[in-house]
Amino acid sequence: MSGLVLRGRSRELERAVAALRGAADRGQGSVMLVAGEAGIGKTALLRAVHRHAEGLGFAVGYGKADEVSQIAPGAPVLHALRSGSRPLLDDASFRGLADLYEKPLWLVEGVADLLESRAQQVPLLIVVDDLQWADRLSRFALRVLAGRLVASPVVWLVAGRGRVREVFSDFDALGEFEGASVERLELSPLTDADVMAVASDILGGPPVGRGAEWLRMVGGSPLLAVQLAEGMALDRALGRSGDALPTALAPLLRSRIGMLGVGVRAALQLAAVWGRALDVLDAARMLGADPAPLGRALSGAAALGLVDEPTDPIEFRHDLFRELVYGDLSGPERTRLHGLCAAHLVESGSSALEAAPHAREAVRRGDRGAVEILRRAAHESIDSIPQSAAQLILEAFEGLPRDDPGWFELGEQCADLLTRAQRGADAVTVIDGLLARCTDPEQRGRLQVLAARALWLTGSAQVLAARVDQELSFSTITEPARARLEASRSLALSRIDPGEAAASAAESALARGRELHDRPTEILATQALGEVAKNEGRHLAAYRVFHRLRTSFGQGFLADEITSLQFIDRFDEAQTLLVEVSRGSGRHSTAELPSLLCAQLWQDFKLAAFDAAVADAQTLLAVGEELGTYVHRLDARVVMSTVAVVHGDLERARGIVALAEDELVTQDAVQAPGLVLARARIAAAELDFDEGVRLLRPLLATDVTAKRYWPRLLDQMRLGAGLAVAAGDHAFAQDTVEQAAAAALLNPGVASFAGVALQVRGYVTGDHAALGGAVELLRRSPRAFMLAQALSDHGGALLRAGRNRQAVGRLEEAWSIFDGLRASTAAAQVQELLDASGAPVRARSRTGQRPVTGWGALTDAEARVARLIGAGHTNRSAAETLGVSMNTVATHLRSVFLKMAVRSRVQLVNAMRAAGELGP
């Protein structure tokens, strides 16, 4: 069929070729999505576009997903990088990715770098067929890579079975392809004239008589048209009457398969179970046959149009053929063949993960060997694709009979991997099932320690503590298990008890761990001390604990260390660690990635790099979807909502908060203070001061026995004071003063805490001297937004004191900062004060509104990115130069393109040159 003329697809082909020419001429990337039912001609269209691309000088990569390999992360995309006579990546570049194969999200970053560099040499076409079978990482990679490479001549041609909205629904829901131009093609049935033309190509002339009638019955399906025409041609060659030609595909194929020998039929059945191209030698080994005769016999299947020519490897002419053969197998026979495939893969040196898709089928019928393959596959993939690993270990455990000697051991491993995949509730369910049958005290203790880890993940501190207390009451528990449980209990107490009690429990557990030389106990107890310090707002102490944890016990606590540094104004050190994460990404597991992204998110947000923070939040949400973990999703939503309020887009802020509330489900306000603060910030912007006070009051409880979150919420202390003063709630206003002062005492020498304490006191009491002191302290802090707030407060107080000239200086400085941050609401409030001061308008008109389009519309960050890209930098090198993530660069670049009305790097350079921003 590959040699046939493409009929009835001229319009689709023209659009695809136009996208290719656009990429080649303007350096502009794009995405084309091709959808349609099975047999409608998607693959034929992809092959035609492939040929045109090569004729235009493109390097082409061709990948194809298949149903069996859905577990293998990124397989279709990786295959596309190395396919064809001119692979997109050479051997050395591809080998350079090897260290990242077990860290697929880092792998996507590495692929983006290499493709960007390759696209600077030659335009690229990347084809991925049968997207409906693609794994989650492949779909994630396609979306991210297309957006990342939008400014490079890269065309993505992706096809899937079904309707466009069904096949590509996740792309629509998650922001399509992150800003890339997308065109959707839904292939419709061929016209009767096109069907006849297809048949004529095969028959060497127009079909007549019954043949023409049958062709009109195919419903415009190219596949059925080809198969019927080939059947006519075969009957003609065999001298048969055309009157008996089948009118449906399945009977036709079964008729052809029945013409084959037993050995060839067995090979086709095995190939159908294998799911992709199957080497004849591999088929012969699994079937216990001689490969040479089998290879010769397969030529008959090729002559009947069932498999491709040449016949080694064995590959069906169409997926529908494979599905038909697979569907005709009985259940036991199908399971037997899957077992053969799994065993052959393992015996041939493949990983257990590669054999897992076949083992899954065998496990359902109690195959002990398949259980072992799934167990190994889960351990192989826990650090790279944790959610898939969790599912594999669950299937293995559920497939093992309870009377099997290895049931308890596998169950314990299952609970451990589920916890590492952050599926705490599922882990507890498995553990409770094991405990119900457990009589060994040592094993029981291990299971309860696992349960404590899982409950910590779910935020169920009260349940954790109660459960541990009950277990500790048993006298038969072993000493190591008792020590670990006591350390787990101290970790729970860090969230539910006053700090002194929790710290005392943690110190006791740590001493016991050291006495027993038990590393897990030491780690848990030390972590509890860090959590206590963090929750009490003693951030320097928290930093020291988490630094010790990282340097002594591994990188798992790096994100906590970075966050602690941010609280004590050591942003430069935090940035150094974040840059090291970016440059040495391969050293970190996929499971650590969300926490590290969250640390970057708060770094950018606290430094008022709001565009970058939003990009970080979007990346964090996307990664969470990919990994199936949502631990930091609320952080992303809170930051995005807050930035929307700062930029004056209250409708967007409300929408984000509503979405976050839906996701939070049953958690209350005290468990999610960030969400309460987001609501309060919106209330303040809407001038609903009483509602804002109502929301914030529980978070600033002064009861010493209550769990207090205020020390961690430095950025919002001024928000509470402003709401209290505006609402006339003097008691609450005084609470904010006391709490801010207490936070400063807990963090001596930290300019931000000291400055906010003075600012809140000065604002509530009207003390402009205190506000002036706050400004000077906050100048030593890198938090620009907080400085602008203090300048505004000081200017307002000076204005009320009749010191207009000094007030105007403070207010104009505040306005300039707010304007640069696009903080429209805050800038407008400062503008009102300036208007009331009687200051000349001239001084402020020079900093008027930024244009909507053109070079003047760019923010400072966007302009820096544009200049680097204009100078020839890649996204990676620009990110390293600016000390930001590649996601941030990509986000800025998309905004630059929009504001500059360009769609490629070449057009950007020309536009910058015209604007006088680049030399001739």
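A short tour of the structure in this document, coming up. Because the structure is a prediction, the values reported are computed rather than measured. (Residues numbered from 1 in each chain as written. Predicted model: local features only at pLDDT ≥ 70, side-chain atom pairs only at ≥ 80, totals over all residues. Heavy atoms only, no water.)

## Considering the overall build of the protein
Counting its regular elements, the protein contains 48 helices and five strands. Classification of the 920 residues of the protein by burial places 55% in the buried group. Counted over contacts in the protein with a minimum sequence separation of 6, partners at least 24 positions apart contribute 66%. Counting only carbon and sulfur atoms, one obtains 51% of the accessible surface of the protein, whose full area is about 37700 Å². (Helix = DSSP H or I, 4+ residues; strand = E, 2+ residues; numbered from the N terminus. Buried < 20%, exposed > 50% of the residue type's maximum accessible area, 1.4 Å probe, protein only. Contact = heavy atoms within 4.5 Å. Areas by Shrake-Rupley, 256 points an atom, 1.4 Å probe, with all protein chains shown as cover.)

## Concerning the pairing of strand S1 (residues 30-36)
Of all seven residues in S1, seven are buried, a share of seventy percent or more. Here S1 pairs with strand S4 (residues 154-161) via seven bridges, running parallel. Looking at S4, one finds that Val34 is bridged to Ala159. Looking at chain direction, S1 and strand S5 (residues 181-186) are connected through six bridges and run parallel. Bridging from a neighbouring strand, Ser30 pairs with Ser181 of S5. (Pairing = 2+ DSSP bridges.)

## Quick notes on the packing of aromatic side chains
Summed over all chains, the structure comprises six aromatic pairs. Ring geometry for Trp602 versus Phe605: centroids 5.6 Å apart, planes at 85°, classification edge-to-face. Here Trp602 and its partner Phe605 are both found in helix H31 (residues 593-606), three residues apart, which amounts to about one turn of the helix. Comparing Trp602 with Phe605, the two get one shared label, buried. Among the aromatic residues, ring-to-ring pairing joins Trp602, Phe605, Phe610, Phe785 and Phe818 into one connected group. In this structure, Arg322 is placed above the aromatic ring of Tyr326, and the distance from its NZ or CZ to the ring centre is 5.6 Å. The cationic tip of Arg718 hangs over the ring face of Tyr763; the distance from NZ or CZ to the ring centre is 3.8 Å. (Phe/Tyr/Trp six-rings, centres within 6.5 Å; stacked < 30°, edge-to-face > 60°. Lys NZ or Arg CZ within 6 Å of the ring centre and 35° of its normal.)

## Re the pattern of salt bridges
Tallied over the entire structure, the rule returns 33 salt bridges. Lys534 is paired through a salt bridge with Glu531; the nearest N and O atoms lie 3.3 Å apart. Taken as a pair, Lys534 and Glu531 lie in helix H27 (residues 519-536) at a separation of three residues, close to a single helical turn. The exposure classification of Lys534 matches that of Glu531, with both residues buried. (Salt bridge = Lys/Arg side-chain N within 4 Å of Asp/Glu carboxyl O.)

## Remarks on helix H21 (residues 407-420)
Along its 14 residues, H21 runs 20 Å from first to last C-alpha, staying within 8% of the 20 Å computed at 1.5 Å per residue. Among the 14 residues of H21, 10 are classified as buried, and the element is accordingly described as predominantly covered. All of the buried residues in H21 are Trp407, Leu410, Gly411, Glu412, Gln413, Cys414, Ala415, Leu417, Leu418 and Thr419. Buried residues along H21 sit in contact with helix H19 (368-381), helix H20 (386-398), helix H22 (424-435) and helix H23 (441-458). Directly after H21, the chain includes Gln422, whose backbone phi takes a positive value near 65°. (Expected span 1.5 Å × (residues − 1).)

## Details of the sheet that holds strand S2 (residues 59-64)
The strand order S2-S3-S4-S1-S5 describes an open sheet built from five strands, whose pairing is parallel. Only two strands of the sheet have a single partner each, and these edge strands are S2 and S5. Each strand of the sheet is rotated relative to its neighbour by a mean of 15°, with strand direction disregarded. Lying on the sheet, helix H3 (residues 75-82) is in contact with S2 and strand S3 (124-129); it crosses S2 at an angle near 150°. The sheet contacts of helix H6 (residues 136-148) involve S1, S3 and S4, and relative to S4 the element is tilted by about 155°. (Axes fitted to C-alpha atoms, helices over the stretch in contact; angles between N-to-C directions.)

## What about the side chain of Arg718?
On the secondary structure map, Arg718 appears in helix H37 (residues 717-727). Judged by relative accessible area, which is 15%, Arg718 ranks as buried. Side chain to side chain, Arg718 and Asp793 meet in a polar contact 2.7 Å long. Beyond its immediate sequence surroundings of up to four residues, Arg718 is in contact with Gln759, Val760, Tyr763, Gln789 and Asp793. (Polar contact = N/O pair within 3.5 Å; in protein donor to acceptor, adjacent residues only side chain to side chain.)

## Side note on the side chain of Asp129
For Asp129, the location among the structural elements is in strand S3. Polar contacts involving the side chain of Asp129 include one to the side chain of Thr43, which spans 2.7 Å. Among all residues touching Asp129, those that are not within four sequence positions of it are Thr43, Leu46, Tyr62, Gly63, Lys64, Ala65 and Ala159.

## A few points about the environment of Gln227
Along the chain, the position of Gln227 falls in helix H11 (residues 222-238). Spatially, the C-alpha atom of Gln227 lies 9.8 Å from that of Leu304, the residues being 77 residues apart in sequence.

## Some words on the pairing of S3
In terms of burial, S3 is largely enclosed, as six of its six residues are buried. In S3, alternate side chains face the same way, and those of Leu124, Ile126 and Val128 on one face and Leu125, Val127 and Asp129 on the other are all buried. One ladder, built from six bridges, connects S2 with S3; its direction is parallel. Opposite Gly63, over in S3, you have Val128 as the bridge partner. Pairing analysis gives five bridges linking S3 to S4, with the strands arranged parallel. By the bridge assignment, Val128 is partnered in S4 with Val158. Once the chain exits S3 it traverses H6 before rejoining the sheet at S4, and the crossover so formed is right-handed. (Right-handed = clockwise from strand over helix to strand, strands pointing away.)

## Section: the packing of helix H39 (residues 751-765) against helix H40 (residues 768-779)
As a packed pair, H39 and H40 sit with axes 8 Å apart at the nearest point and diverge in direction by 160°. With respect to each other, H39 and H40 are oriented roughly antiparallel. The element H39 and its partner H40 pack so that their crossing is left-handed. Here H39 contributes Ala751, Ser752, Ala754, Gly755, Val756, Leu758, Gln759, Arg761, Gly762 and Tyr763 to the contact with H40, which in turn contributes Ala770, Leu771, Gly773, Ala774, Leu777 and Leu778. (Parallel < 35°, antiparallel > 145°, perpendicular 65-115°, else oblique. Left-handed = near helix turned anticlockwise from the far one by under 90°.)

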